[in-house]
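Listed here are the chains, written in short residue letters.
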Amino acid sequence: MWTDDYEQKMQELLNDDKTYRRIRSDPTNRYQIANNNIVQRLLNLKLIDYRTAATLKTTTATTPRIYGLPKAHKPSLPLRPVVPGMTSPSYELSKYVCRILQASLDNKYNIRDSYSFCQYINTITIPSGYVMVSFDVVSLFTNIPKQLVIHDIIQIWDTIKPNTEINLDLFLEIVSFCMDTSYFVFRNQFYEQIEGTAMGNPLSPVLADLVMGILLDTVTSKTDIVFTVLRKYVDDLMLVIPADRLQQVLDIFNSYHPSIQFTFEVETDGRLPYLDMTLVRQEDDTIRTEWYMKAIASGRLLNFSSLHPLTQKINTIKNVIDRVNRLSTNWDEEKKREVIAQILQTNDYPRNLINRFLNRTHWTSTHAITADDHTTEEHTIGPPQAKIYRSLPYIPSLTPKIIQILRHDYPSVIICPRSVHTIRDLYTRIKDPIPMDHHHNVVYRIQCGNCDKCYIGMTGNLLKKRLSGHRSNLNQLENLLESGHTYADEPVRALREKTALLAHCIDHDHRFIYETTRIVDRTYKRNILPILEMIHISNDNDSINKRTDTDRLSSTLSGLIHRINTVMTKNTNGQNNRNTNHPSDPT
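As the structure is a prediction and not an experimental result, all values here were calculated from the model.

Chemist: Would you explain the overall build of the protein chain in this entry?
Modeler: When its secondary structure is counted, the protein chain shows 19 helices and 19 strands. Within the span of the protein chain, comprising 587 residues, buried residues form 42% of the whole. Intrachain contacts of the protein chain at a sequence separation of at least 6 include 68% that bridge at least 24 residues. Element-wise, carbon and sulfur atoms account for 51% of the exposed surface of the protein chain, whose accessible area totals about 33300 Å².

Dropping the structure here:
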C-alpha cells in the first residue's frame, strides 16, 4: 500500500464522527492526574497495598499513537485501527481491572483454542434441515457502548464481587474512566473514541467477552430455536441452526443493541471456513475438519535461510506438522504429508529434514531439541525452581556457546536468542513519532556550547522534566551571579555539588546548549539505566561526568569496553590514514 493511499484511508476512518471525535489539545496530563487520584483513593481505602499503588500510578504517560493494519482478506484493503495503549495514563489500571474481570468470567460459549474446538466439533452430527453458519460482529471493540458495559457488570456483580474488595460504585467509576481514556494522536491531531475501547487496550478483549456472553444468553432465551452448536471466539460465532430460520436468528441478534450488528456466512457445498479450519459436512451429517489458510495468505513462515538458531527452525517444522495433523481429521496421512511438505518447502526447508520429522512415529512437546537434534532430559534434585527468561541477540557460533555455558551454571535461567534484524526494519514508520523530550527511561547527552565536552545523564521520568531540572539549576546559578555573588562564594560553591554539569559551568564559566540534547540509549527496564549510563560515561572521552559515576561498573565489562574502544580507535585511525594517502602511495 502506498503512503498516500494509507493516509487517505486513515483520514476516512478518523472522519467517521460516529466513532471518533476531534479534540483540541493533548489530554494526557489531565488523565494522568485523574488516574493517580483514583489509585490514591484505592490506597487510602486500603483496597490495594503500596506496591500495587506504585505500579498503577504513572508520571511518564504519553499520548498513544494510532496506526492502521490493512485487512488483506477484504476488498479495497480497509484498515483495522490499532491504538497501542502501553503509554496511556490508564494502561496499568486497565490491566488491574482486566485481571479482576478475567477471574470472574467463565463464558460457557468460549472456544479456548483451535485444538479444543476441533475435538468438540468432530463429535457433532448436524440434524436434518440444519446448516453451519458463522456470525461476525462489525467492529466490536469500537462499538461497545459504555452504558451496556455498566449494565452487564451490574447484572453479574455477584460473580465479580468475590474477586475484589472494591464496591460496585467505585468499580463502575474505574471501568468508565478506563473506557473514557480511549484517545490517541494522528498526524499531530488528537482524537477520542466515542464508544467502546480501542484494539490495544487491555480491557478490550475482556469487555467484549463480557458483553458477548450476556448477549448470547439473552438471544437464546428469546427464541425457541434449538442451537445444535453455539460457540464463539472473541466476536466470531459458529452456529448450527435450522436453514429456514437463519434470517430470524440474524434479526434477533441484530435487535439486541443498535451498536452491535452481525454479518453472516453460511456453508457452501457443505464447507464453512472457521478459525484456521474448514468445517466439512460428511454424507452422514457428521463434521470433519481440514487445516485452512485464507486465499490471500502468503504461506510465509520462518525461512530456513534466515539468521535464526537452528532450534527455532526445527520448532517451526514441528509446529506446522502438529497443526496440520491435529486440525485435519478429513485428510488421510498422504494428504497431510503433501500439505506439510509444500508449506515448508515454500520456505526453503530441505526435503530430507522435513522427511526426517514426518517419519517420526511419535514425539512430545516436552522434549528439548538442540541444534544437532538430540533430545535431552534434565534431572534435578529437590523442588523445581521458578524459570527466569532472558534474551540475547543471536550471533552464529557465539550465542549458542554462551547459552550452553549459562545453562550449566544457571539451570533455572532460560536464554532465548533473538534476531537483531526484525520486520520493523523493512517498513515505513506509520505511527506518529514521539517527541524526543517525551521519552523516558533514557540515557541522554548534552553538548557544552563553549568547548568539546559533554554531559551524560539518565532519567526514568520524561526527558523534558529532567531537562527542566537542569534549566532550573542553571537559573539558580544565573540569579546568584546577577545578585552580586561570584564563583568563589559559598552559595555558588554549594550549587556546584548538585551535578557535574553545574560543576563544569561554574569551574569554566561555560554554558550547555540544551537544544543539542540527544538520546544515546534507552530501555524499558528501569533498573538497567544506571548500567547503561556508566557504560556511556566510560565510553565517551569527552564526558565531564565524575569518575565516581563509573565506580560500580564491573571490571570485566569495563575492560571489554576499553578493548572495544581500542579496536574502534585503531580501525578509525587506519581508515583515516588510508583516506589521506596519495593515490600513488603504496598501502
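Chemist: How should I be thinking about empty space enclosed by the protein in this particular structure?
Modeler: Taking a probe equal in size to a water molecule and rolling it over the atoms shows the remaining empty space. Applying the stated criterion across every chain yields a total of 2 cavities of 30 Å³ or more. The volume enclosed by the largest cavity comes to roughly 100 Å³. A per-class count over the lining of the largest cavity returns 6 nonpolar, 7 polar and no charged.

Chemist: Looking at this structure, I do not really get the sheet that holds strand 18 (residues 454–459). What am I missing?
Modeler: Neighbouring strands of a sheet are bound in pairs by backbone hydrogen bonds; such pairs are parallel or else antiparallel. Sheet architecture is open: 3 strands sit in the order 18-17-19, paired in antiparallel fashion. Edge positions in the sheet fall to strand 18 and strand 19 (512–522), since each has one partner strand and no second. Mean inter-strand twist for the sheet, computed between neighbouring axes without regard to direction, equals 25 degrees. Against the sheet, helix 17 (residues 500–508) makes contact with strand 17 (442–448), strand 18 and strand 19, and its axis sits at roughly 150 degrees relative to strand 19, the strand it touches most.

Chemist: When you look at the packing of helix 4 (residues 91–104) against helix 9 (residues 203–221) in this model, what are you seeing that I'm missing?
Modeler: Helix-helix packing is characterised by the crossing angle of the two axes and by the distance between the axes. It is at 9 Å that the axes of helix 4 and helix 9 come closest, and there the two elements cross at 35 degrees. Helix 9 is crossed by helix 4, and the crossing has left-handed handedness. On helix 9, the residues touching S94, V97, C98, L101 and Q102 of helix 4 are L203, V206 and L207. Across the contact of helix 4 with helix 9, the residue classes break down as 6 nonpolar, 2 polar and no charged.

Chemist: Would you mind showing me how to read the sheet that holds strand 1 (residues 20–23) here?
Modeler: Here we have 3 strands laid out as an open sheet, ordered 1-6-5, and antiparallel in their pairing. The sheet terminates laterally at strand 1 and strand 5 (183–186), the two strands that pair on one side only. The mean angle between the axes of side-by-side strands here comes to 35 degrees, regardless of whether they run parallel or antiparallel. Pairing geometry for strand 5 and strand 6 (residues 189–193), over 4 bridges, is antiparallel. In the strand pairing of strand 6, F184 is matched with Y191. Here helix 1 (residues 3–14) sits on the sheet in contact with strand 1, strand 5 and strand 6, set at roughly 145 degrees to strand 5.

Chemist: Looking at this model, I keep getting lost on a nonpolar patch on the surface. Mind explaining?
Modeler: Taken together, the side chains of I395, L398 and I402 make up a nonpolar region of the molecular surface, amounting to roughly 230 Å² of accessible area. Inspection of the secondary structure puts L398 in helix 14 (residues 398–409). Looking at L398, the relative accessible area reads 43%, which means it is partly exposed.

Chemist: I would appreciate a short explanation of the layout of surface pockets in the present structure.
Modeler: Volume-wise, the second largest pocket comes out at about 1300 Å³. Looking at the lining of the second largest pocket, the elements with two or more residues in it are strand 3 (79–82), strand 4 (130–137), strand 8 (236–242), strand 9 (262–266) and strand 10 (271–274). Broken down by element, the lining of the second largest pocket gets its largest block of residues, 4 residues, from strand 4. Of the residues belonging to the lining of the second largest pocket, the class tally is 20 nonpolar, 7 polar and 10 charged.

Chemist: Looking at this structure, I do not really get the environment of S134. What am I missing?
Modeler: In this fold, S134 is placed in strand 4. Its relative accessible area of 10% is what places S134 among the buried residues. Distance in space between the C-alpha atoms of S134 and M238 is 4.5 Å, their sequence separation being 104 residues. Each residue touching S134, except ones within four places of it in the same chain, is listed here: L237, T263, F264, E265, L272 and Y274.

Chemist: Could you clarify how one ought to interpret the pattern of salt bridges in this entry?
Modeler: What the rule picks out here adds up to 22 salt bridges. A salt bridge links E333 to K336; the nearest nitrogen and oxygen atoms lie 3.7 Å apart. Placement of the pair is E333 and K336 together in helix 12 (residues 333–346), with a separation of 3 residues, close to one helical turn. For K336, a relative accessible area of 9% gives the class buried. Where salt bridges share partners, they join E7, R187 and D432 into one cluster.

Chemist: Just to check I follow, could you spell out the confidence of the model for the protein chain for this structure?
Modeler: Caution applies to low-pLDDT regions: their predicted coordinates should not be interpreted in detail. Per-residue pLDDT for the protein chain has a mean of 85; in total, 89% of the residues score no lower than 70. Highest mean pLDDT in the protein chain belongs to helix 2 (residues 28–44) (95); lowest belongs to strand 13 (residues 368–369) (37). Taken together, the stretch residues 361–380 has pLDDT below 50 and engages in 27 contacts with residues farther than four places along the chain or on a different chain. Note on residues 578–587: pLDDT under 50 across the span, and 1 contact to partners over four residues away in sequence or across chains.

Chemist: For this particular structure, what's the right way to read the packing of aromatic side chains?
Modeler: Aromatic ring pairs are described here by two measures, namely the spacing of the ring centres and the angle between the planes. Going through the model one piece at a time under the given rule, you end up with 13 aromatic pairs. Seen in terms of ring centroids, Y20 and F184 are 5.5 Å apart; in terms of plane orientation they differ by 85 degrees. Their pairing is edge-to-face. Here the residue Y20 occupies a position in strand 1, and F184 occupies one in strand 5, the gap between them amounting to 164 residues. Of the two residues, Y20 and F184, both sit in the buried class. Consider the rings of Y444 and Y455, whose centres lie 6.4 Å apart with planes at 55 degrees: the pair is tilted. Here Y444, found in strand 17, pairs with Y455, found in strand 18; they are 11 residues apart in sequence, far enough to count as distant. The same class applies to Y444 and to Y455, which are both buried. Looking at R231, its charged tip hangs above the ring of Y120, at a distance of 4.4 Å from the centre. Against the face of F304 rests K313, its NZ or CZ located 5.3 Å from the ring centre.

Chemist: Can you walk me through the side chain of N35 in this structure?
Modeler: By the secondary structure assignment, N35 is in helix 2. Here the side chain of N35 touches P89 through a polar contact of 3.5 Å, landing on its backbone oxygen.

Chemist: What should I look at first to understand the packing of helix 11 (residues 310–327) against helix 13 (residues 351–358) in this one?
Modeler: In contact at an axis separation of 10 Å, helix 11 and helix 13 are set at 55 degrees when each is read in the N-to-C sense. When the axis of helix 11 is compared with that of helix 13, the two are oblique. Read as a crossing pair, helix 11 and helix 13 show a hand that is right-handed. Touching I314, I317 and I321 of helix 11 are L353, F357 and L358, all from helix 13. Split into classes, the residues belonging to the contact of helix 11 with helix 13 amount to 6 nonpolar, no polar and no charged.

Chemist: Which parts of the structure should I look at to understand the side chain of T399?
Modeler: Counting through the fold element by element, T399 comes out in helix 14. Among the polar contacts made by the side chain of T399, one reaches the main-chain amide nitrogen of I395 at a distance of 2.7 Å. Here T399 is in contact with L392, P393, Y394 and P417, once residues within four sequence places are set aside.

The rules behind the values
- Residues numbered from 1 in each chain as written.
- Predicted model: local features only at pLDDT ≥ 70, side-chain atom pairs only at ≥ 80, totals over all residues.
- Heavy atoms only, no water.
- Helix = DSSP H or I, 4+ residues; strand = E, 2+ residues; numbered from the N terminus.
- Buried < 20%, exposed > 50% of the residue type's maximum accessible area, 1.4 Å probe, protein only.
- Contact = heavy atoms within 4.5 Å.
- Areas by Shrake-Rupley, 256 points an atom, 1.4 Å probe, with all protein chains shown as cover.
- 1 Å grid on protein atoms, 1.4 Å probe; cavity = no way out; pocket = protein on both sides within 12 Å on 5 of 7 lines; lining within 4 Å.
- Points joined across faces, edges and corners; volume = space filled by probe spheres on them.
- Nonpolar A, V, L, I, M, F, W, Y, C, P; charged D, E, K, R; others polar.
- Pairing = 2+ DSSP bridges.
- Axes fitted to C-alpha atoms, helices over the stretch in contact; angles between N-to-C directions.
- Left-handed = near helix turned anticlockwise from the far one by under 90°.
- Patch = residues over 30% accessible without salt bridge, like charges linked within 9 Å, V, L, I, M, F, W, Y side chains within 5 Å.
- Salt bridge = Lys/Arg side-chain N within 4 Å of Asp/Glu carboxyl O.
- pLDDT = per-residue confidence, 0-100.
- Phe/Tyr/Trp six-rings, centres within 6.5 Å; stacked < 30°, edge-to-face > 60°.
- Lys NZ or Arg CZ within 6 Å of the ring centre and 35° of its normal.
- Polar contact = N/O pair within 3.5 Å; in protein donor to acceptor, adjacent residues only side chain to side chain.
- Parallel < 35°, antiparallel > 145°, perpendicular 65-115°, else oblique.

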